[in-house]
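# A closer look at the structure
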Amino acid sequence: MDHDPDASPINPLPPVVWLLVLPVFLVELVLSAGARGIIGGPGAVGWRLAAIEQYSFSGPVLDWMLSTGQFPSEHLLRFVTYPFVHAGFTHMLFVAVFILALGKMVGEVFQAWAVALIFFASGIGGALAYGLLLDDIRPLIGGYPAVYGLIGAFTFLLWVNLVARGANQYRAFTLIGFLLGIQLLFALLFGGSRDWVADVAGFITGFFLSFAVSPGGWGLLVARLRQR
């Protein structure tokens, strides 16, 4: 086996993936350090709660905006800030791992702007579903809806590959089926929130947006429709 002693131990990642994951990590680093009294003094213990209050997505706030017709920028900003605020380090860690893994696979095919668009559009789509379909006063935080958008884009790539090979195209949805099954199992065993609605909406957004932003994605769809 050939081995390059000068090769990096870390597989190279598209720059856009670093631009997405670093804020996720740095925000949690600051909040965790503040909670442990490492920085910020005694007041830093409440930084996480303050961040959740200011930057999380809120269904009641969305209802208020829709009922009054007022859309303040500080509330609209919540649609793109909530994926960067997490409940704790473990919560953030799983999100970061998914961004690194899926971002690499999707970013090697999609252009950087398309990866970023899928990430943020899926987060927005997940928040809208959470706010419009549920009557839940609990804030929505964490990057899972945006990550599920990347899963949707990755599923699209698998689907395209299976279609091109003439294989069973439904195999592309094995990953999302497994993840949703795990979520359902945990919900049945331990209870939990209904933020899986946001995750599913994020996946759907990422999958269908890929038709428009992937190289040749729209052409593939048109060709499939013509075959029918």
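Residues numbered from 1 in each chain as written. Predicted model: local features only at pLDDT ≥ 70, side-chain atom pairs only at ≥ 80, totals over all residues. Heavy atoms only, no water.

### Some remarks on the nonpolar core
Counting 38 residues, the largest nonpolar core has Ile99, Phe110, Val115, Phe119, Ile151 and Phe156 as the members making the most contacts within it. Those elements that provide at least two residues to this core are α1 (15–35), α6 (89–107), α7 (112–133), α8 (144–165), α9 (174–190) and α10 (196–213). In terms of residue count, α8 provides more of this core than any other element does, 12 residues in total. Excluding residues that lie within four positions of it along the chain, Ile99 makes contacts with Val17, Leu20, Val21, Val24, Lys104, Phe119, Val147 and Leu150. (Core = buried A, V, L, I, M, F, W, Y, C linked by side-chain atoms within 4.5 Å. Buried < 20%, exposed > 50% of the residue type's maximum accessible area, 1.4 Å probe, protein only. Helix = DSSP H or I, 4+ residues; strand = E, 2+ residues; numbered from the N terminus. Contact = heavy atoms within 4.5 Å.)

### A short note on the packing of aromatic side chains
Under the counting rule described, the total for this entry stands at 16 aromatic pairs. Site record: aromatic cluster; members linked through ring pairs are Phe156, Trp159, Phe173, Phe203, Phe207, Phe208 and Phe211. (Phe/Tyr/Trp six-rings, centres within 6.5 Å; stacked < 30°, edge-to-face > 60°.)

### Notes on the packing of α1 against helix α2 (residues 47–55)
Where α1 meets α2, the closest approach of the two axes is 8 Å, and the angle between their N-to-C directions is 140 degrees. Classified by the angle their axes make, α1 and α2 are oblique. Two secondary-structure elements touch here, α1 through Glu28, Val30, Leu31, Ser32 and Gly34 and α2 through Trp47, Arg48 and Ala51. In terms of residue class, the contact of α1 with α2 is built from 4 nonpolar, 2 polar and 2 charged. (Axes fitted to C-alpha atoms, helices over the stretch in contact; angles between N-to-C directions. Parallel < 35°, antiparallel > 145°, perpendicular 65-115°, else oblique. Nonpolar A, V, L, I, M, F, W, Y, C, P; charged D, E, K, R; others polar.)

### Points about the confidence of the model for the protein
Summing up the model confidence of the protein, the mean pLDDT is 88 and the portion of residues at 70 or higher is 87%. Mean pLDDT across the secondary structure elements of the protein bottoms out at helix α11 (residues 217–227), with 58, and peaks at helix α5 (residues 78–81), with 98. (pLDDT = per-residue confidence, 0-100.)

### Comments concerning the pattern of salt bridges
Evaluation of the coordinates by the stated rule reveals 4 salt bridges. Glu108 is the partner of Lys104 in a salt bridge, and the nearest nitrogen-oxygen pair spans 2.6 Å. A salt bridge links Asp136 to Arg138, with the nearest nitrogen and oxygen atoms 3.1 Å apart. Of the residues examined, Asp136 reaches a relative accessible area of 7% and is grouped as buried. Among the charged side chains, a salt-bridge network with shared partners connects Asp136, Arg138 and Arg194. (Salt bridge = Lys/Arg side-chain N within 4 Å of Asp/Glu carboxyl O.)

### Brief notes about the packing of helix α3 (residues 59–68) against α7
Contact geometry for α3 and α7: axes closest at 9 Å, N-to-C directions at 80 degrees. The angle between the axes of α3 and α7 places the two elements in the roughly perpendicular class. Contacts from Gly59, Leu62, Asp63 and Leu66 in α3 reach Leu128, Gly131 and Leu132 in α7. Looking at side-chain class alone, the contact of α3 with α7 contains 4 nonpolar, 2 polar and 1 charged residues.

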